[in-house]
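# Descriptive structure summary
So the chains spell out like this:
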Amino acid sequence: MNVYLDHAATTPLHSEVKSCLISLMDEVNGNPSSIHRYGRDARQKIEEARKNIAAMLGAEPTEICFTSSGTEADNMAVITAVRQNNIRHVLSSPIEHHAVLNTFRQLADNGEIELDFITPDSKGHIDLNEIEDWLKKHPGSLVSLMHANNEIGTMIDLKEVGDLCHSYDALFHTDTVQTIGYFNFNLQDLPVDYLAGSAHKFYGPKGIGFLYHASGCKVGPLIYGGGQEKRLRAGTENVHGIYAMAKALEVMEQSRQEFAPVMKKRKQELIDKISSRIPEAHFNGDPEGQSHYTVVNVTLPKFEGQALFFARLDQAGIAASGGSACSGGGSSHVIETINPEAEGVTVRFSIGTSTTSEEIEYTVDKVMEIMGVTTEVA
Ligand code: PLP
């Protein structure tokens, strides 16, 4: 049996998105900057996608800028927010994705910002009072905190954090790469200034993302050249990727009512099966609390050798990961921060819209086999 439980790393292309891509590749191949009809057709697809994405997120089309990835959207948000607004002080968290963390570190190393980190608790939650104490000392600054952590799933309340930031004239950036498509967003009502999305996390193609920048919030280019994307991002647009990303989001929006409850059930099944059969297992994050319904992160004690564990899992046909795919299988900065005493193997299982109970059952059986644990349930 082959089981894919690494949807937080990437999701497969949805069949409807694939069909949409293929027909678009047949039909539209002009350069969107060309003035002839081939160009105009391509331009029309981009603007249709922008309008649709904006409408689904409760934003204005002018607030959406297409990028090559979630990483680029995060970079563009934080670098240009800092530079265009002359921000000196930044507050973030040590468990952010490297797309944010390493960008801030670079800015700090360049001497452009003073970077402070909030201290997440052992479940990855942040304390609003700590944010407020910091904001009192640094009004008019930038706060960047992810909506759902990609490794442990712990979530923040965007409204609470955004309101707090705005009450101290601070800008708020959030990395929503793991949550776009999985939750309802109405950006008109959300106090968020910059937000990043990436199509391959919601069943769209890889290599395409977007930055939302609220009207009135300054933003500037990272890539210079032609005048594409209203001079915010030079380079001929990825017309097919952009259009397919809008289609992928549309499919998610239309089917969320059906898939979300099923995925929540699968997540609970996985937690229940692991905890009843491997009582020493430690769940990282806050799986029963404010947590994304796609991710289960568990430390399995008594097993030496992370690499061996994943090799065996792979042999059994199961795809899961030790943490962020971008860390290339290295140790996890998230687990090191929230659970530094963790011993054994840490695995992130991430559920998809079509994950079945049989796949969950098979996975837990194989994990026990690999660990040499008896399969008899008490
Ligand atoms: N932010 C988070 C939370 C992610 O999970 C990822 C991808 O793993 C990224 C940013 C980067 O997105 P992309 O792969 O599109 O560069």
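Residues numbered from 1 in each chain as written. Predicted model: local features only at pLDDT ≥ 70, side-chain atom pairs only at ≥ 80, totals over all residues. Heavy atoms only, no water.

## Overview of the site of the ligand
As a structural note, the neighbourhood of the ligand is formed by 14 residues, with T71, D175, Q178, S198 and K201 the closest of them. Here an oxygen atom of the ligand sits 2.8 Å away from a polar atom, N or O, in the main chain of G70. At 2.6 Å from an oxygen atom of the ligand is found a side-chain nitrogen or oxygen belonging to K201. Protein coverage of the free-state accessible area of the ligand, which is 390 Å², stands at 91%. The element best represented in the shell around the ligand is helix 3 (residues 70-84), accounting for three residues. Looking at the shell around the ligand residue by residue, the class counts come to three nonpolar, eight polar and three charged. (Near = heavy atom within 4 Å. Polar contact = N/O pair within 3.5 Å; in protein donor to acceptor, adjacent residues only side chain to side chain. Areas by Shrake-Rupley, 256 points an atom, 1.4 Å probe, with all protein chains shown as cover. Helix = DSSP H or I, 4+ residues; strand = E, 2+ residues; numbered from the N terminus. Nonpolar A, V, L, I, M, F, W, Y, C, P; charged D, E, K, R; others polar.)

## Observations regarding helix 11 (residues 357-371)
If you check helix 11, its first and last C-alpha atoms are 21 Å apart, about what 15 residues at 1.5 Å a residue would give, namely 21 Å. Residues of helix 11 that are buried make contact with strand 1 (3-4), helix 8 (239-277), strand 10 (295-300), helix 9 (306-315), strand 11 (318-319) and strand 12 (345-350). Count one or two residues on from helix 11 and you reach G372, which has phi positive near 75 degrees. (Expected span 1.5 Å × (residues − 1). Contact = heavy atoms within 4.5 Å.)

## Quick word on the sheet that holds strand 9 (residues 282-284)
Hydrogen bonds along the backbone pair up the strands of a sheet, which may run parallel or antiparallel. Taken together, the three strands give an open sheet; going across it, the order is 9-10-12, and neighbouring strands pair in antiparallel fashion. If you trace the sheet from one side to the other, it starts and ends with strand 9 and strand 12, each paired once. Neighbour-to-neighbour, the strand axes of this sheet turn through a mean angle of 30 degrees, independent of strand direction. Of the pairings in the sheet, the one linking strand 9 to strand 10 comprises three bridges and is antiparallel in character. Bridging across to strand 10, N284 finds its partner in N297. The sheet contacts of helix 8 involve strand 9, strand 10 and strand 12, and relative to strand 10 the element is tilted by about 15 degrees. (Pairing = 2+ DSSP bridges. Axes fitted to C-alpha atoms, helices over the stretch in contact; angles between N-to-C directions.)

## A few points about the nonpolar core
Ranked by size, the top nonpolar core spans 109 residues in total, and within it I274, L300 and F309 carry the most contacts. Per-element accounting of this core gives the leading share, 15 residues, to helix 8. Taken together, domain 1 (3-11 + 257-371) and domain 2 (15-251) each give at least three residues to this core, which thus spans both. Grouped together as the second largest cluster of nonpolar side chains are five residues, I95, I152, V334 and I335 included. (Core = buried A, V, L, I, M, F, W, Y, C linked by side-chain atoms within 4.5 Å. Buried < 20%, exposed > 50% of the residue type's maximum accessible area, 1.4 Å probe, protein only. Domains from an automatic or database assignment.)

## A look at the pairing of strand 6 (residues 171-175)
For strand 6, the tally of buried residues reaches five of five residues, placing the bulk of the element in the interior. Both faces of strand 6 are covered, namely the face carrying L171, H173 and D175 and the face carrying F172 and T174. In this region the chain leaves strand 5 (residues 142-144), passes through helix 6 (residues 158-167) and returns to the parallel neighbour strand 6; the handedness of that crossover is right-handed. Of the strand pairs in this sheet, strand 6 and strand 7 (residues 194-198) are connected by three bridges, and their pairing is parallel. Counterpart to H173 in the pairing with strand 7 is Y194. (Right-handed = clockwise from strand over helix to strand, strands pointing away.)

## So, the packing of helix 2 (residues 37-57) against helix 8
Packing of helix 2 against helix 8 brings their axes to within 9 Å, and their N-to-C directions diverge by 30 degrees. The angle between the axes of helix 2 and helix 8 places the two elements in the roughly parallel class. Helix 2 and helix 8 meet at a crossing whose hand is left-handed. Residues A42, K45, I46, E48, A49, I53, M56 and L57 of helix 2 touch helix 8, and the partners they reach there are V239, I242, Y243, M245, A246, L249, E250 and E253. For the contact of helix 2 with helix 8, the per-class residue count stands at twelve nonpolar, no polar and four charged. (Parallel < 35°, antiparallel > 145°, perpendicular 65-115°, else oblique. Left-handed = near helix turned anticlockwise from the far one by under 90°.)

## As for the domain arrangement of the protein chain
Taken domain by domain, the protein chain comprises domain 1 (3-11 + 257-371) and domain 2 (15-251). The partner domain 2 presents 33 residues to the 30 residues of domain 1 that form the contact. Across the domain 1 to domain 2 interface the summed buried area is about 2,500 Å²; carbon plus sulfur atoms make up 52%. Between K123 and D286 there is a salt bridge; the shortest N-O distance is 3.8 Å. At the boundary of domain 1 with domain 2, the tally comes to 17 residue pairs in polar contact (both at pLDDT 80 or more). In terms of residue count, the dominant contributor to the side of domain 1 that touches domain 2 is helix 10 (residues 333-338) (five residues). In terms of residue class, the side of domain 1 that touches domain 2 is made up of ten nonpolar, 18 polar and two charged. (Buried area = accessible area lost by both parts, 1.4 Å probe. Salt bridge = Lys/Arg side-chain N within 4 Å of Asp/Glu carboxyl O.)

## Considerations on the sheet that holds strand 5
Strand order across the open sheet formed by seven strands is 2-8-7-6-5-3-4, with mixed pairing between neighbours. Among the strands making up the open sheet, the edge pair consists of strand 2 (64-67) and strand 4 (114-117). Looking at each pair of strands side by side, their axes are set apart by 20 degrees on average, direction ignored. Pairing between strand 2 and strand 8 (residues 209-213): four bridges, direction antiparallel. Opposite C65, over in strand 8, you have L211 as the bridge partner. Against the sheet, helix 2 contacts strand 2 and strand 8, and its axis sits at roughly 120 degrees relative to strand 2. Where helix 3 meets the sheet, its contacts fall on strand 2, strand 3 (89-92), strand 5, strand 6, strand 7 and strand 8, and the angle it forms with strand 7 comes to roughly 165 degrees.

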